[in-house]
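Descriptive structure summary
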Amino acid sequence: MLLSDAAARHELGLPVNGIALEQYQPQEEYHHKGRSSPDIARELGVRKGDVMRLVSKWGVPRHPTGHFTNPFASLETDLSPAMHIVSRTKNCIQRLRHLTVASRHRTLQGAAAELGVTWGTLNYQLKQIEEAAGFTIIDFGRSRPLTITEAGREFLTETAQLLILLDDRSP
């Protein structure tokens, strides 16, 4: 469906793919929730370029450089401030899945072996999540087992819930 067709349907008071356009808030969906124009276009049943033209026309700021699409935006759930920041980082889904595996192991080496990655790669991924979140999630040292911090436990609970919701929505 062309965006002009969607606008015509809107003027007639008809929903577009089940969504009334007056309910669509580009500032909220695109900028604050971090949704991508392809996500919005799929949902509305229009072309990505048409969404981008409207985003520009309505004066909605573009995603800042270095920010990535929030993969949880379509879940219609509130994110903690830490998860909101983490969700806008590169490869966040893969890193969050690796974090959940690491939390089940006594050592980082054991988690890395299960995931089929090197210890250094997993360590780097965990540090990137912790840096974005702003707190330590898993405390680890060479001579002791991995320990999940209290803030880390809350973050891991939220991560597990979001990944389940995301997996349930996948075809």
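A quick note: this is a predicted structure, and the numbers were derived from the prediction, not measured.

Here we look at the overall build of the protein
- Across its full length, the protein carries nine helices and two strands.
- Ordered by position from N to C terminus, the α and β elements of the protein give α-α-α-α-α-α-α-α-β-β-α.
- For the protein, the proportion of its 171 residues judged to be buried stands at 37%.
- Looking at the protein alone, contacts between residues at least 24 apart form 54% of all its contacts between residues at least 6 apart.
- For the protein, the accessible surface area stands at approximately 9,900 Å², while carbon and sulfur atoms represent 52% of it.

Focus on the nonpolar core
- Ranked by size, the top nonpolar core spans 23 residues in total, and within it Leu 96, Leu 99 and Phe 155 carry the most contacts.
- It is helix H8 (residues 119-133) that contributes the most residues to this core, five residues altogether.
- Once you skip the residues sitting within four places of it in the chain, Leu 96 turns out to touch Phe 72, Met 83, Val 86, Ile 129, Phe 155, Thr 159 and Leu 163.

Topic: the packing of helix H6 (residues 92-102) against helix H7 (residues 108-115)
- Relative to each other, H6 and H7 sit at 125°, their axes nearing to 9 Å. Considering their axes alone, H6 and H7 lie oblique with respect to each other. Between H6 and H7 lies a crossing of right-handed hand. Contacts between H6 and H7 involve His 98, Val 101 and Ala 102 from the first element and Leu 108, Ala 111, Glu 114 and Leu 115 from the second.
- Within the contact of H6 with H7, the residues separate by chemical class into five nonpolar, one polar and one charged.

Some words on the environment of Glu 154
- Residue placement: Glu 154 occurs in helix H9 (residues 150-169).
- With 17 residues separating them in the primary sequence, Glu 154 and Ile 137 have C-alpha atoms 9.1 Å apart.

Brief notes about unusual backbone geometry
- Although it is not a glycine, Asn 91 sits at a positive phi angle of roughly 55°.
- Along the chain, Asn 91 falls in the loop between helix H5 (81-86) and H6.

A look at the packing of H6 against H8
- Following both chains from N to C, one finds H6 and H8 inclined at 110°, their axes separated by 10 Å at the closest point. Judged by the angle between their axes, H6 and H8 are roughly perpendicular. When H6 is examined against H8, the residues Gln 94, Arg 95, Leu 96, His 98, Leu 99 and Ala 102 are found in contact with a partner set consisting of Leu 122, Tyr 124, Gln 125, Leu 126, Gln 128 and Ile 129.
- Residue composition of the contact of H6 with H8, grouped by class: seven nonpolar, four polar and one charged.

Examining the packing of aromatic side chains
- In total, this model carries one aromatic pair according to the counting rule given.
- Ring plane angle 80° and centroid distance 5.9 Å describe the contact between Phe 135 and Phe 155, whose orientation is recorded as edge-to-face. Here the residue Phe 135 occupies a position in the loop between H8 and strand E1 (138-139), and Phe 155 occupies one in helix H9, the gap between them amounting to 20 residues.
- Under the relative-accessibility criterion, Phe 135 is labelled partly exposed at 26%.

Describing the confidence of the model for the protein
- The share of residues in the protein with pLDDT of 70 or more is 65%, and the mean pLDDT across the chain is 76.
- Every residue in residues 1-5 scores below 50 in pLDDT, and together they form 13 contacts with partners more than four places removed in sequence or on other chains.
- Per-residue pLDDT stays below 50 along residues 8-15; that stretch engages in seven contacts with residues further than four places along the chain or on separate chains.

What counts and how
- Residues numbered from 1 in each chain as written.
- Predicted model: local features only at pLDDT ≥ 70, side-chain atom pairs only at ≥ 80, totals over all residues.
- Heavy atoms only, no water.
- Helix = DSSP H or I, 4+ residues; strand = E, 2+ residues; numbered from the N terminus.
- Buried < 20%, exposed > 50% of the residue type's maximum accessible area, 1.4 Å probe, protein only.
- Contact = heavy atoms within 4.5 Å.
- Areas by Shrake-Rupley, 256 points an atom, 1.4 Å probe, with all protein chains shown as cover.
- Core = buried A, V, L, I, M, F, W, Y, C linked by side-chain atoms within 4.5 Å.
- Axes fitted to C-alpha atoms, helices over the stretch in contact; angles between N-to-C directions.
- Parallel < 35°, antiparallel > 145°, perpendicular 65-115°, else oblique.
- Left-handed = near helix turned anticlockwise from the far one by under 90°.
- Nonpolar A, V, L, I, M, F, W, Y, C, P; charged D, E, K, R; others polar.
- Phe/Tyr/Trp six-rings, centres within 6.5 Å; stacked < 30°, edge-to-face > 60°.
- pLDDT = per-residue confidence, 0-100.

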